[in-house]
Amino acid sequence: MAIAEQNRDGRASALPRMQSARWALASLSLATLLSSLGTSIASVGLPSLMQNFGASFQSVQWVVLAYLLAITTLIVSAGRLADIFGRRPLLLGGIALFTSASVLCGLAPTLWLLITARAVQGLGAALMMALTLAFVAETVTKDRIGSAMGLLGAMSAIGTTLGPSLGGLLIAGFSWRTIFLINVPLGVLTFALAWRALPARSKTAQVDRGTFDVMGTALLGLTLAAYALAMTLGRGNFGALNISLLVAAGIGVFLFAAVQAKVKNPLIRLASFRDLQLSASLAMSLVVATVMMATLVVAPFYLSRGLGLDAAMVGLVLSTGPLVSTLSALVAGRLTDRFGAHKMMVAGLLSLTTGTFLLSLAMLRFGIAGYVIPITVTCIGYALFQTSNNAAVMTGISASQRGVVSGLLNLSRNLGLITGASLMGAIFAVASAEGHAGIGQKFLSSEAAARGMQVTFQTATALALVALFLARLSARAEFKRQTPVEVSQNL
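Thresholds applied
Residues numbered from 1 in each chain as written. Predicted model: local features only at pLDDT ≥ 70, side-chain atom pairs only at ≥ 80, totals over all residues. Heavy atoms only, no water. Helix = DSSP H or I, 4+ residues; strand = E, 2+ residues; numbered from the N terminus. Buried < 20%, exposed > 50% of the residue type's maximum accessible area, 1.4 Å probe, protein only. Contact = heavy atoms within 4.5 Å. Areas by Shrake-Rupley, 256 points an atom, 1.4 Å probe, with all protein chains shown as cover. Patch = residues over 30% accessible without salt bridge, like charges linked within 9 Å, V, L, I, M, F, W, Y side chains within 5 Å. Salt bridge = Lys/Arg side-chain N within 4 Å of Asp/Glu carboxyl O. Core = buried A, V, L, I, M, F, W, Y, C linked by side-chain atoms within 4.5 Å. Expected span 1.5 Å × (residues − 1). Bend = angle between axes of the 7 residues up to and from the residue. Axes fitted to C-alpha atoms, helices over the stretch in contact; angles between N-to-C directions. Parallel < 35°, antiparallel > 145°, perpendicular 65-115°, else oblique. Left-handed = near helix turned anticlockwise from the far one by under 90°. Nonpolar A, V, L, I, M, F, W, Y, C, P; charged D, E, K, R; others polar. Phe/Tyr/Trp six-rings, centres within 6.5 Å; stacked < 30°, edge-to-face > 60°. pLDDT = per-residue confidence, 0-100.

Enquirer: Is there a simple way to think about the overall build of the protein chain in this case?
Expert: Broken down by element type, the protein chain carries 20 helices and 0 strands. Here the protein chain, with 491 residues, has 52% of them falling under the buried criterion. The contacts in the protein chain between residues at least 6 apart in sequence include a share of 82% that link residues at least 24 apart. Summed over its atoms, the accessible surface of the protein chain is roughly 21800 Å², and 68% of this surface lies on carbon and sulfur atoms.

Shown next as structure tokens:
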């Protein structure tokens, strides 16, 4: 009888904890949706901004670039600040900052005020992106980490997919200002849920009260800004300015490393990179993001110039990838929980490599099916990899480092996207060039577009094989760290 009462009490006490975890995960999912929506929804408004402000494309593109640059340069610092001052107040502050900046974006009377507000919005997004992954490890049990990571991956894909279509509807029905103001009610809802459900402090560690590395933060921010600008300015045409920025970024890396080696409480503990599993996971994240960017940069030219599809059909076909990623991420989380992160990571990379290889064939006679089938295989692999890699990293680090490591994971992905946009675009331009024609030229022939697609995804396949090699190194590092009991359980 006593045992039965204890069991009932245990179930009763477990129920509120489960409900609290679900509410917390809901708030983290909405924060992920907001940050990805903020990236994708603005791009569709660039033509309207050019018309309303009478500005050039080079000017209005900073509405997108300012947001991305703010995230890229500040995301690691955001994670470190959370490790020092507590994740809950920093995440709540990030949601509030993002929401407030969305109001400023929607009310901005001039283009440069809009760009400034977008940079502030990017700071809020950096806080949200850095801390959602860190909070997962505190709000769900270890055997549910994969499912939680899959849900966040699905919400990110939904935000990326929903942005252009939702933005187009809002601009057509109202004005460009509504693509920013739509974030306000979503932000208020996210803040309310996070305030209600997120734990006040880590369950596994006290808040790290070390000092904040201001010098390291400034150097890292300047270095990342130099690299991001080198990859984005000139729209793929590398000139003296791009090379100078790359050199400055290289110098910044050495200066940053020197400062981190000397300060008492560094922004990033360089000794962490001696952990082969962490280093390999970050490198894989960068490489895979570079590969996936080819599908966004190159595929539209292949579909429109190679297959001769109109704009509406190009948009419909391109939506296949994000839709597959969304659905696959939910399944990937459960597979990760059941079979283990490393097995699913390898499975995902094998699928990714197979998909990019099929895309490298790019046979025009197969039409739309020749793109949809390979991109489906590619995106399934990407969802499997992303979910399992995030789960492997976040469950293998100490609670006091979750914020900064979460920031590093997001940083590696962002750097991969930036690198892929420039690198894959440049490869396509060279491979598809016909005389003076190249990427973006009006009279690019279908044969040239197919040739560019083939060479670009041959490169992507080679990079995917590099990621597979890194996964092998990561698996070896994990095997060496396991105890004999853990090894026997995995056999």
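The structure having been displayed, the exposition proceeds.
Enquirer: Sorry, what's going on with a nonpolar patch on the surface here?
Expert: On the surface, a nonpolar cluster with roughly 370 Å² of combined accessible area is contributed by Ile243, Val247, Ile251 and Leu255. When you line up the elements, Val247 lands in helix α11 (residues 240-262). Judged by its relative accessible area of 47%, Val247 falls in the partly exposed class.

Enquirer: Sorry if this is basic, but what is going on with the nonpolar core here?
Expert: Nonpolar side chains tend to gather and get buried jointly when the protein is soluble and globular. Of all hydrophobic cores here, the largest spans 52 residues; its most connected members are Ile75, Val76, Leu91, Ile268 and Met394. Counting residues in each nonpolar core, the second largest holds 41 residues, with Tyr302, Met345, Leu352 and Ala467 among its members.

Enquirer: Hey, could you run me through the environment of Ala157 in this one?
Expert: On the secondary structure map, Ala157 appears in helix α7 (residues 145-173). For the pair Ala157 and Thr326, spaced 169 residues apart in sequence, the C-alpha separation works out to 5.3 Å.

Enquirer: What am I meant to see in helix α4 (residues 62-85) here?
Expert: Helical geometry: 3.6 residues make up each α-helical turn, so side chains three or four residues apart lie on a common side. Between its first and last C-alpha, α4 extends 32 Å over 24 residues, near the 34 Å set by a 1.5 Å rise per residue. Maximum bend of α4: about 50°, positioned at Leu74. The element α4 is largely enclosed, with a buried count of 19 among its 24 residues. Count one or two residues on from α4 and you reach Gly86, which has phi positive near 110°.

Enquirer: How should the environment of Leu97 be read in this particular structure?
Expert: Within the secondary structure layout, Leu97 lies in helix α5 (residues 87-107). A residue is classified by how much of its surface remains accessible, and Leu97, at 27% relative accessible area, is partly exposed. Put simply, Leu97 and Gly187 are 90 residues apart on the chain and 9.4 Å apart in space, counted from C-alpha to C-alpha. Setting aside residues no more than four positions away along its own chain, Leu97 makes contact with Val120, Leu123 and Gly124.

Enquirer: What's the story with the packing of helix α12 (residues 276-297) against helix α17 (residues 369-394) in this structure? I'm lost.
Expert: Packed helices, taken two at a time, are described by the angle between their axes plus the distance between the axes. Following both chains from N to C, one finds α12 and α17 inclined at 155°, their axes separated by 11 Å at the closest point. It follows from the interaxial angle that α12 and α17 lie roughly antiparallel. α17 is crossed by α12, and the crossing has left-handed handedness. Counting all contacts with α12, which are made through Gln277, Leu278, Ser281, Met284, Ser285, Val288, Met292 and Thr295, the residues of α17 involved are Tyr371, Ile375, Thr378, Cys379, Tyr382, Phe385, Asn389, Ala392 and Val393. Across the contact of α12 with α17, the residue classes tally to 11 nonpolar, 6 polar and no charged.

Enquirer: How do you make sense of the packing of helix α16 (residues 341-361) against α17 when you look at a structure like this?
Expert: Axis separation between α16 and α17 bottoms out at 7 Å; the angle between their running directions is 155°. On the basis of the axis angle, α16 is roughly antiparallel to α17. Every pair of crossing elements has a handedness; the one defined by α16 and α17 is left-handed. Counted by class, the contact of α16 with α17 contains 17 nonpolar, 9 polar and no charged residues.

Enquirer: Can you help me understand the packing of aromatic side chains in this one?
Expert: We describe a pair of aromatic rings using the distance from one ring centre to the other and the angle between the two ring planes. Tallied over the full model, the rule gives 3 aromatic pairs. Seen in terms of ring centroids, Trp176 and Phe180 are 6.2 Å apart; in terms of plane orientation they differ by 80°. Their pairing is edge-to-face. Judged by relative accessible area, which is 0%, Phe180 ranks as buried. Among the aromatic residues, ring-to-ring pairing joins Phe53, Trp176 and Phe180 into one connected group.

Enquirer: In this structure, what is going on with the confidence of the model for the protein chain? I would like to understand it.
Expert: On average, residues of the protein chain score 78 in pLDDT, and 83% of them reach the 70 mark or higher. Below pLDDT 50 for its whole length, residues 1-16 participates in 0 contacts with residues either more than four positions away or in separate chains. Within the model, pLDDT remains below 50 along residues 435-442, and this stretch shows 14 contacts once partners closer than five positions in the same chain are excluded.

Enquirer: Would you take a moment to explain the environment of Trp112 for this structure?
Expert: Examined against the element boundaries, Trp112 turns out to sit in helix α6 (residues 111-139). Sequence separation of Trp112 and Trp62 is 50 residues, and the distance between their C-alpha atoms is 9.0 Å.

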